[in-house]
Structure formats: C-alpha cells, structure tokens
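Results of the structural survey
Listed below are the residues making up each chain.
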Amino acid sequence: MSTIVGSCLCGEVKFKCQNTFSQFHLCHCQQCQKTTGSAHASNLFTAPDNIEWLSGQAQIKRYDVPGRRITSAFCTQCGGPVPYLSSSGQALVIPAGVLDTPPNILPQDHIFWSEHAPWYEPGIAAKKYDGFPE
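In this numbering scheme, every chain counts its residues from 1 along its sequence in written order. The model is predicted, so local features are restricted to residues of pLDDT at least 70 and side-chain atom pairs to those at 80 or more, both for listing and for counting; the totals for chains, interfaces and linings are taken over all residues. Note: side-chain values were computed over all heavy atoms of the structure, leaving out hydrogens and water.

The next subject is the state of the cysteines. Two cysteine sulfurs form a disulfide in these notes if their separation is within 2.5 Å. Counted by the stated rule, this structure contains 0 disulfides. Left unpaired, C10 is separated from the closest cysteine sulfur, that of C8, by 3.7 Å.

In short, DSSP must find at least two bridges between two strands for them to pair. Numbering of helices and strands runs from the N terminus; a helix is a DSSP stretch of H or I covering at least four residues, while a strand is a stretch of E covering at least two. Within the open sheet, the 3 strands sit side by side as 1-2-5. Their pairing is antiparallel. Because the sheet does not close on itself, it has two edges, and the strands there are strand 1 (3-7) and strand 5 (52-55). Taken over all neighbouring pairs, the strand axes of this sheet differ in orientation by 25° on average, direction set aside. Two elements, strand 2 (residues 14-18) and strand 5, share 3 bridges in a ladder whose sense is antiparallel. From the neighbouring strand, F15 faces strand 5, where its bridge partner is W53. Axis lines are fitted through C-alpha atoms, for helices just across the contact stretch, and the angle between N-to-C directions can take any value from 0 to 180 degrees.

Let us now look at unusual backbone geometry. Residue F112 is not a glycine yet carries a positive backbone phi of 55°. Within the fold, F112 resides in the loop between strand 10 (109-111) and helix 2 (120-125). The exposure class of F112 is partly exposed, given its relative accessible area of 40%. Residue burial is assigned from relative accessible area. The probe radius is 1.4 Å, only protein chains are included, and a residue is buried under 20% of its type maximum, exposed over 50%, and partly exposed in between.

Another point: the nonpolar core. Core analysis: the largest hydrophobic core is formed by 13 residues, its most contacted members being F15, C17, F21, F24, L44, I94 and L99. Among the secondary structure elements, those contributing two or more residues to this core are strand 2, strand 3 (23-27) and strand 9 (92-95). Contacts were defined at the residue level, with two residues in contact if any of their heavy atoms lie within 4.5 Å. The residues touching C17, leaving out its near neighbours within four places in the chain, are S2, T3, I4, N50, I51 and I94. Residue types Ala, Val, Leu, Ile, Met, Phe, Trp, Tyr and Cys, when buried and joined through side-chain atoms within 4.5 Å, form a set referred to as a nonpolar core. Residues C8, F45, C75 and V93 belong to the second largest nonpolar core, which totals 9 residues.

Whether two aromatic rings pair depends on their centres lying within 6.5 Å, for rings of Phe, Tyr and Trp, where Trp uses its six-membered ring; planes under 30 degrees apart make the pair stacked, over 60 edge-to-face, and the rest tilted. Per the stated rule, a full pass over the model turns up 2 aromatic pairs. Ring centres 6.1 Å apart and planes at 65° place the aromatic pair F15 and W53 in the edge-to-face group. With F15 in strand 2 and W53 in strand 5, this residue pair connects regions lying 38 residues apart in the sequence. A relative accessible area of 1% places F15 in the buried class. Relative accessible area serves as the criterion here: at 24%, W53 is assigned to the partly exposed category. Between W113 and Y120 the ring centres are 5.9 Å apart and the planes differ by 80°, which places this aromatic pair in the edge-to-face class. Classification of Y120 by relative accessible area gives buried; the value is 14%.

By definition here, a salt bridge exists when the distance from a side-chain nitrogen of Lys or Arg to a carboxyl oxygen of Asp or Glu is within 4 Å. For the structure on display, the rule yields 2 salt bridges. The shortest N-O distance in the salt bridge between K16 and E52 comes to 3.8 Å. Residue K16 is found in strand 2, and its partner E52 is found in strand 5; the two are separated by 36 residues along the sequence. A residue is classified by how much of its surface remains accessible, and E52, at 42% relative accessible area, is partly exposed. Here D64 makes a salt bridge to R62, at a shortest N to O gap of 3.1 Å.

In short, shape yes, function no, at least from these values alone.
Laid out in structure tokens, this is it:
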C-alpha cells in the first residue's frame, strides 16, 4: 500500500492517506459547478479513517448545502478545497486536484450528466496550449 499526500492551494492544510481509493466520480451537478467554479467536481472516495492531517486542520471550514448531500470543505486562508467526511459518514471525499501524485484509479463515470455545463464538451474540443495563448 502506498501513501499519497495532498494540500490546499496555499499549503497551509496538508494531509496524507493510503492510495486506496474505491471510487472516482466527475460530478456535473449544479452545486458542484458552484463549489468548484468549474464544469465539474473530481471526487475520490475512500474509507472514512483513511487520512492523517499533517497541518492546518484548524483552517478548514465546511459548508453543507441544504437539501442535497453536497458539501464544500475549504481552507479559510486560500479558499482551496480539502478532504471531508461525507454527510453520511460512510466515506472520506478527497478532491482529486489536491493530490500531489496520481491516485490508484482513473475517473469511473460522469454523474449528474443532465446538469452538465453547456460549454463543457466544446471546451474539451477547443485548442490546447502548454501555457497562456499568445
């Protein structure tokens, strides 16, 4: 079993966990679009106790969206997403982008596809650059 590490944008919140993810969903629901500011959330799921906080746990703020099982957890210093326990308590949810190395699994599906952003698919087909376009 390998260990994987991650952090928020500013590095204040750091953690490590075992690289034993059971699910990887790209969620296109409107709430995930709002919490990420993007087309979808990229969430990994693992056992609830599969985390060791290395620093910054006191900097974490959690917001549970009323009426849906959606949570946003973030660093109060930089606003970057951080891992959180699901509302059911059955899983630890880790935003894939906070990891410093790739997880053990690839995305398995696109969920809440009926709510996907209308610009998502054209965006995938758009020109690609290694940096800012000139």
